[in-house]
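# Survey of secondary and tertiary structure
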Amino acid sequence: MSTVTDNDLKELKDLITQLSDRMETRFNEVDRKIEKLSEDVNETKVGIATIKSDVNGLGKRLDNLEFTNRGIFITVVSGLLLATVTLIVKFLAPPIG
């Protein structure tokens, strides 16, 4: 049987300290990576919110454009019908007077 000396205990303590330092370094690296991922996720959320608001704005613009186009179409068709009726009446009806 061998006896444990102070030197052995010192080497064991140094080894444990080195391993602890390595683990702490790795944990710090993991923490930095997690913080970076968290920042990226937050930036992505902000980007998605911006895109959603842009899409909503575009939807409203398209609705307004559709309403405007419908009004213009109705006006043009009404004008053409009125012109057609006026021409028919002018050429087919006998002059009064």
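Above: the structure in question.
Right, let's walk through the structure included here. (Residues numbered from 1 in each chain as written. Predicted model: local features only at pLDDT ≥ 70, side-chain atom pairs only at ≥ 80, totals over all residues. Heavy atoms only, no water.)

Counting its secondary structure elements, the protein contains 1 helix and 0 strands. Against the 2.2 N^0.38 benchmark of 13 Å for 97 residues, the protein shows a C-alpha radius of gyration of 41 Å, more extended than a compact globule. Taking the principal axes of its C-alpha atoms as reference, the protein extends roughly 140 × 20 × 10 Å. For the protein, the exposed surface amounts to about 9400 Å²; the carbon and sulfur share of it is 65%. (Helix = DSSP H or I, 4+ residues; strand = E, 2+ residues; numbered from the N terminus. Rg over C-alpha atoms; globule rule 2.2 N^0.38 Å. Areas by Shrake-Rupley, 256 points an atom, 1.4 Å probe, with all protein chains shown as cover.)

Take the pattern of salt bridges next. It is possible for side chains bearing opposite charge to pair when their charged atoms get close. As enumerated under the stated definition, the model contains 3 salt bridges in all. In this structure, lysine 10 engages aspartate 14 in a salt bridge whose closest nitrogen and oxygen atoms are separated by 3.7 Å. With lysine 10 and aspartate 14 both in helix 1 (residues 6–92) and 4 residues apart, this pair spans about one turn of that helix. Residue aspartate 14 is classed as partly exposed on the basis of its relative accessible area, which comes to 36%. A salt bridge links lysine 36 to aspartate 40, with the shortest nitrogen-to-oxygen separation between them at 3.2 Å. With lysine 36 and aspartate 40 both in helix 1 and 4 residues apart, the pair spans about one turn of that helix. With relative accessibility at 48%, the residue lysine 36 sits in the partly exposed group. Judged by its relative accessible area of 28%, aspartate 40 is partly exposed. (Salt bridge = Lys/Arg side-chain N within 4 Å of Asp/Glu carboxyl O. Buried < 20%, exposed > 50% of the residue type's maximum accessible area, 1.4 Å probe, protein only.)

It is worth spelling out the environment of aspartate 21 at this point. Looking at the secondary structure, you find aspartate 21 in helix 1. Assessed through its relative accessible area of 44%, aspartate 21 is described here as partly exposed. Residues aspartate 21 and isoleucine 72 lie 51 residues apart in sequence; the distance between their C-alpha atoms is 76 Å.

It is worth spelling out a negative patch on the surface at this point. Together, Asp31, Glu35, Glu39 and Glu43 line one region of the surface with negative charge. Relative to the assigned elements, glutamate 39 resides in helix 1. (Patch = residues over 30% accessible without salt bridge, like charges linked within 9 Å, V, L, I, M, F, W, Y side chains within 5 Å. Lys, Arg positive; Asp, Glu negative; His and termini not counted. Charge placed at Lys NZ, Arg CZ, Asp CG, Glu CD.)

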